[in-house]
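For reference, the chains in residue letters:
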Amino acid sequence: MIMTDIIVAGIGQTSVGEHWDESLRSLAVQAIQAAIKNSGGLQPQALYVGNMLGAILSRQTHLGALLADYGGLTGIEAETVEAGGASGGAALRQGYLAVASGLVDVALVVGVEKFTDVIGPDLEAALATLTDADFESVHGLTLTAQAALLAGRYLHENHVPTDGLAGFALTAHSNGAGNKNAMFRKAIALDLYQKAEPICDPLNIFDVAPNADGAAALVLTRRELLPKDFPHPVVRLAASSIASDTLALAERSDPVWFTAAQASVEHAIQKAGIHREQVDLFEYYDAFSIFAALTLEAAGYAKRGEGWKLARDGFIALTGQLPCATLGGLKARGNPGGATGVYQAIDAVAQLRGQAGVNQITGARYALIQCLGGPASIAVTHILERLT
Amino acid sequence: MTENNTLLKPSRPVGIVGYGAYVPRYRLPAKEVARVWVGGRATGLPIKEKAVPGQDEDVVTMSLEAVRNALKRAGIDPAEIRAVWIGSESHPYAVKPTSTIVAEAIGAAPHVQAADMEFACKAGTEAMVMAMGLVGSGMARYAVAAGLDTAQGKPGDALEYTAAAGGAAFVIGPAEESLATINASFSYVTDTPDFWRREYQHYPEHGNRFTGEPAYFKHSTAAGKIIMEALGTKSSDYTWAIFHQPNAKFPQRAASLLGFTPEQIRPGLLSPVIGNTYAGAAIIGLTATLDVAQPGDRILLVSFGSGAGSDALDITVTDKLPERRNKALKTHDYIARRTEIDYAIYARLRGKIAMK
């Protein structure tokens, strides 16, 4: 039983994009310094690093010690958390657990990924390690191919038109235009989506979020430890939940249903003590448009097979009933691997503090965020709440 | 920066006494590469077609063609040439100069400097700047600078559409004998690993989009901007401009970023019809421009070589050009001499079929 509020006291991020002149560590240090400053100068006692592929792409493991050192925090507890694409969310959960337990007063969570030092087949091979090595990647399956198989089945089973998933990309790009840290800051029209080059049928280039470099950091503490002159509206982590499913898609009796995503959302909603209709915005994991559709269904916002209609009908637009990907999502902000879950938390905090600029959801109180590893092989869900 | 420590300007004025181009006759349409590798998808092809060398052609034979054309226009005694410098990334030998073969063949040996340059696609302009120094110091009356390539792209790679063969050569000499003076040059060079081929590798590797923004565009526009600032010129002061042309799009965008109009780069924009001739790409644009330029025309030439760097040269055409340009085949004579081939012939000509 958690007796106190766990507060996201500080947020910091680099822009997401192709940062050719930055390294894994330099990106992370920028985010760490920004988050500590944003928290009013809280001093972290523990560092949890979310990272997915540093061992392969940057030939660097042991990020806890490295980033504590370069972040000017030598001596503190420090370790890496890896859960595929959900690494950032999993690192956030470790920070939450540490602070909630009372054993750590101030935790620093940093998500970082440096993609652009490796290109072409080597990058594809690295990404393929996120699937089941013995039963999936050995046959040449990549994450994108896996998502395309899911999308093909989904479109077929539910009689979805070929451009039925377009609304997810259109919403993301429209929202990305208002986020100065987003990789793509330009709205797109439906005809551009319809004419786009296929990546892996039926997914085209707008159905796949771009892998990109970035780092994002959060400072967590308990409410009573906030600085007296804390300058921001106070946002707490109202719930944290993580669930797993089979790693291999083929092991599932019902592939077009994200069981782990459903379980972790239901658990989080229950823990936060709210109804899902009270959620003001949802930062879902749109690494692929099909993931967004399946997530909306798993989270209970659409019936099975109808998640895509929420994008088509404006339900998820900034002005809709449940704004999603409010600062561009993975599609327009970019998908910086193990940093993505931390970016989602930052986007939620920005909305709840009223710092989301032209994309602000007026009066937002509850934000739901969820990041996935693979096709919801891991689902990490958090609910953030603005306290009054 | 002041002009003194920015520009390279020889104490003795120098210029181009003769120029020559060479493009082999075979053409591989980009749609042929697309047919073989991507199922014929015809949108977004980087060029229309590229020049492919014949089975008995290499950088030595092509350099000879270009240098001989330059000598025809220069009308000088080859024995007075004190340097033969040839830039390429596809010299036939890893060790043994192309330049000695060319120097011997044109009658410039043995009292001659000879060396091969390598700086990816800007080795040709690097040789020109070295020749400016040798002639501009008064140590030599003439120096030959050339840049040619028989560039290879890995089968199926984006570069296979454009990697082409051809180039140009120049006899650099005193300004008073020149058909165009080279008023000054400026080079912008950094350690930027956008494209490379290590020893014993057959094909180069590249960094996808990295080859654009932080490599090509940064260096080309910086070199162009800084030379114009140092000279006090602006884009409208130039009749013509030429930028390194790895494809059709990059030079047009670089020109636009520096304020040049499509008309200013039109004569030198050859990549759509011959491809990327690497060390020859910028300077064959210059020969095509000299083929049509008039006395008094001012030309800005900006090369780019991966690795990376750009040389910018400020050139003014003299009244000697009209009488000399008809003394050898023009650039477009070679481009018009066209035999289209399919991918199978291309694979045979370029040694892509393993015979043993």
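Because the structure is a prediction, the values reported are computed rather than measured. (Residues numbered from 1 in each chain as written. Chains lettered and ligands numbered in written order. Predicted model: local features only at pLDDT ≥ 70, side-chain atom pairs only at ≥ 80, totals over all residues.)

Asks: Hey, could you run me through the overall build of chain A in this one?
Replies: When helices and strands are counted, chain A shows 13 helices and eleven strands. Principal-axis analysis of the C-alpha atoms gives chain A an extent of 55 × 45 × 40 Å. Out of the 388 residues belonging to chain A, those deemed buried represent 60%. Looking at chain A alone, contacts between residues at least 24 apart form 78% of all its contacts between residues at least 6 apart. (Helix = DSSP H or I, 4+ residues; strand = E, 2+ residues; numbered from the N terminus. Buried ≥ 20, exposed ≤ 12 C-beta atoms within 10 Å, placed from the backbone. Contact = placed C-beta atoms within 7 Å.)

Asks: Got a minute to help me understand the overall build of chain B in this structure?
Replies: Helix and strand content of chain B: 13 helices and 14 strands. For chain B, whose C-alpha radius of gyration is 19 Å, the value lies close to the compact-globule estimate of 21 Å for 356 residues. The buried share of chain B, reckoned over its 356 residues, is 55%. Taking the contacts inside chain B whose residues are at least 6 apart along the sequence as the reference set, 78% of them involve residues at least 24 apart. (Rg over C-alpha atoms; globule rule 2.2 N^0.38 Å.)

Asks: Please explain the sheet that holds strand E13 (residues 307-317) of chain B as it appears in this structure.
Replies: Note on sheets: strands pair through backbone hydrogen bonds, and any given pair is parallel or antiparallel. Residues and elements named next belong to chain B. The nine strands are arranged E5-E4-E6-E7-E1-E8-E13-E12-E11 in an open sheet whose pairing can be described as mixed. Both edges of this open sheet fall to strand E5 (113-117) and strand E11 (240-243), since each of them pairs with a single strand only. When the angles between neighbouring strand axes are averaged without regard to direction, this sheet yields 20°. In this sheet, E13 lies alongside strand E8 (residues 180-192) in antiparallel orientation, the contact comprising ten bridges. Bridge pairing in E13 links Thr 192 to Gly 307. Across the face of the sheet, helix H3 (residues 59-74) comes into contact with strand E1 (14-22), strand E4 (81-87), strand E6 (142-150) and strand E7 (165-174) while running at roughly 130° to E1. (Pairing = 2+ DSSP bridges. Axes fitted to C-alpha atoms, helices over the stretch in contact; angles between N-to-C directions.)

Asks: I keep staring at the confidence of the model for chain B and nothing clicks. Help me out?
Replies: Where the model shows low pLDDT, its predicted coordinates should not be examined in detail. Mean pLDDT over chain B stands at 96; residues scoring 70 or higher make up 99%. Here the complex is predicted with pTM 0.86, and the ipTM for its interfaces comes to 0.74. (pLDDT = per-residue confidence, 0-100.)

Asks: I keep staring at the nonpolar core and nothing clicks. Help me out?
Replies: Within soluble globular proteins, side chains that are nonpolar tend to cluster in buried spots. In terms of nonpolar packing, the biggest core is built from 142 residues, with Val 110, Leu 218 and Val 342 of chain A touching the most fellow members. Of the residues that make up this core, three or more belong to each of domain 1 (6-119 + 211-225) and domain 2 (127-203 + 238-382) of chain A. Beyond its immediate chain neighbours, meaning those up to four positions away, Val 110 of chain A contacts Ala 28, Ala 31, Ile 32, Leu 47, Val 49, Leu 67, Ala 215, Ala 217 and Val 342 of chain A. Among the nonpolar cores identified, the runner-up in size contains 115 residues, and Val 33, Ile 182, Ile 227 and Ile 242 of chain B belong to it. (Core = buried A, V, L, I, M, F, W, Y, C linked by C-beta atoms within 7 Å. Domains from an automatic or database assignment.)

Asks: Just checking my understanding: could you explain the pairing of strand E3 (residues 49-52) of chain B for this structure?
Replies: All names here are of chain B. A two-sided burial pattern is seen for E3, the buried positions comprising Glu 49 and Ala 51 on one face and Lys 50 and Val 52 on the other. In terms of strand pairing, strand E2 (residues 26-29) meets E3 through four bridges, oriented antiparallel. For Leu 28, the partnering residue across the bridge sits in E3 and is Lys 50.

Asks: In this structure, what is going on with the domain arrangement of chain A? I would like to understand it.
Replies: Interface size, as often reported, equals the accessible area lost upon joining of the parts. All names here are of chain A. Taken domain by domain, chain A holds domain 1 (6-119 + 211-225) and domain 2 (127-203 + 238-382). Taken over C-alpha atoms, the centre of domain 1 sits 22 Å from the centre of domain 2. Taken together, the 37 residues of domain 1 in the interface contact 31 residues of domain 2. Broken down by secondary-structure element, the contributors of at least two residues to the side of domain 1 that touches domain 2 are strand E1 (6-13), helix H4 (87-101), strand E4 (106-113) and strand E7 (214-222). Per-element accounting of the side of domain 1 that touches domain 2 gives the leading share, eight residues, to H4. Here the side of domain 1 that touches domain 2 is composed, by residue class, of 21 nonpolar, 13 polar and three charged. (Nonpolar A, V, L, I, M, F, W, Y, C, P; charged D, E, K, R; others polar.)

Asks: Is there a simple way to explain the domain arrangement of chain B in this structure?
Replies: Residues and elements named next belong to chain B. Along its sequence, chain B is carved into domain 1 (12-179 + 324-342) and domain 2 (183-320). Computed over C-alpha atoms only, the centres of domain 1 and domain 2 are separated by 15 Å. Every contact between the two is made by 47 residues of domain 1 and, on the other side, 41 residues of domain 2. Going through the elements one at a time, E1, E3, helix H5 (123-136), E6, E7, helix H11 (321-325) and helix H12 (331-336) are the ones with two or more residues in the side of domain 1 that touches domain 2. Broken down by element, the side of domain 1 that touches domain 2 gets its largest block of residues, seven residues, from H5.

Asks: What is the right way to look at helix H7 (residues 249-257) of chain B in this model?
Replies: For an α-helix the count is 3.6 residues per turn, leaving residues at separations of three or four pointing the same way. Residues and elements named next belong to chain B. Buried within H7 we find Phe 250, Pro 251, Ala 254 and Ala 255. The arc that holds the buried residues of H7, viewed along the axis, is 130°, so those residues lie on one side. Summarising the contacts, the buried residues of H7 are in contact with helix H6 (212-231), E11, helix H8 (262-265) and helix H9 (271-274). After H7 finishes, the residue Gly 259 shows a positive phi value of roughly 90°. (Arc of directions from axis to C-beta.)

Asks: I'm lost on the pairing of strand E11 (residues 378-386) of chain A in this one. Help?
Replies: Across a regular strand the side chains alternate sides, sitting on one face of the sheet and then on the other. Residues and elements named next belong to chain A. Most of E11 sits inside the fold, with nine of its nine residues counted as buried. In E11, alternate side chains face the same way, and those of Ile 378, Val 380, His 382, Leu 384 and Arg 386 on one face and Ala 379, Thr 381, Ile 383 and Glu 385 on the other are all buried. Looking at chain direction, strand E8 (residues 235-244) and E11 are connected through nine bridges and run antiparallel. Considered in E11, the bridge of Arg 236 is made with Glu 385.

Asks: Hey, could you run me through the packing of helix H6 (residues 143-158) of chain A against helix H10 (residues 289-298) of chain A in this one?
Replies: Helix-helix packing is described using two parameters, namely the angle between the two axes and the distance between the axes. Residue and element names in this part refer to chain A. At their nearest, the axes of H6 and H10 sit 9 Å apart, and the two run at 55° to each other. Comparing their axes, H10 and H6 come out oblique. Relative to H10, the crossing made by H6 is left-handed. In contact with Ala 147, Leu 150, Ala 151 and Tyr 154 of H6, H10 contributes Ile 290, Phe 291 and Ala 293. Taken together, the residues of the contact of H6 with H10 sort by class into seven nonpolar, no polar and no charged. (Parallel < 35°, antiparallel > 145°, perpendicular 65-115°, else oblique. Left-handed = near helix turned anticlockwise from the far one by under 90°.)

Asks: Would you mind going over the sheet that holds E2 of chain B with me for this structure?
Replies: Strand order across the open sheet formed by three strands is E3-E2-E14 (chain B), with mixed pairing between neighbours. On the outer flanks of this sheet lie E3 and strand E14 (339-340) of chain B, each paired with one strand and no other.

Asks: Whenever I open this one, helix H3 (residues 63-70) of chain A confuses me. Can you help?
Replies: Along H3 of chain A, the residues classified as buried are Leu 63, Gly 64, Leu 67 and Ala 68 of chain A. Considered in projection along H3 of chain A, the buried side chains sweep an arc of 125° and stay on one side of the axis.

Asks: Please clarify how the environment of Val 112 of chain B should be interpreted in this entry.
Replies: Residues and elements named next belong to chain B. By secondary structure assignment, the location of Val 112 is in the loop between helix H4 (98-106) and E5. Sequence separation of Val 112 and Tyr 203 is 91 residues, and the distance between their C-alpha atoms is 33 Å. Those residues in contact with Val 112 that lie beyond four places of it in its chain are Ile 81, Arg 82, Ala 83, Val 84 and Ala 103.

Asks: Would you explain the environment of Ala 126 of chain A in this entry?
Replies: Residues and elements named next belong to chain A. Among the structural elements, Ala 126 can be located in helix H5 (residues 121-128). Taking the number of C-beta atoms within 10 Å as the measure of exposure, Ala 126 has 17 and is therefore partly exposed. Taking the C-alpha atoms as reference points, Ala 126 and Ile 56, separated by 70 residues in sequence, lie 6.5 Å from one another. Residue contacts for Ala 126: discarding those within four places in its chain leaves Leu 53, Ile 56, Leu 57 and Val 118.

Asks: Mind showing me how you'd approach the packing of H6 of chain B against H7 of chain B here?
Replies: All names here are of chain B. Here H6 crosses H7 at 40°, and the two axes come no closer than 10 Å. By the angle between their axes, H6 is oblique relative to H7. The handedness of the crossing between H6 and H7 is right-handed. Where H6 approaches H7, its residues Tyr 216, Phe 217, Ser 220 and Thr 221 are matched on the opposing element by Phe 250, Ala 254 and Leu 257. Within the contact of H6 with H7, the residues separate by chemical class into five nonpolar, two polar and no charged.

Asks: What is the right way to read the environment of Thr 43 of chain B from this model?
Replies: Tracing the chain through its elements places Thr 43 of chain B in the loop between helix H2 (30-37) and E3. Residues Thr 43 of chain B and Asn 183 of chain B, 140 residues apart in the sequence, show an inter-C-alpha distance of 42 Å.

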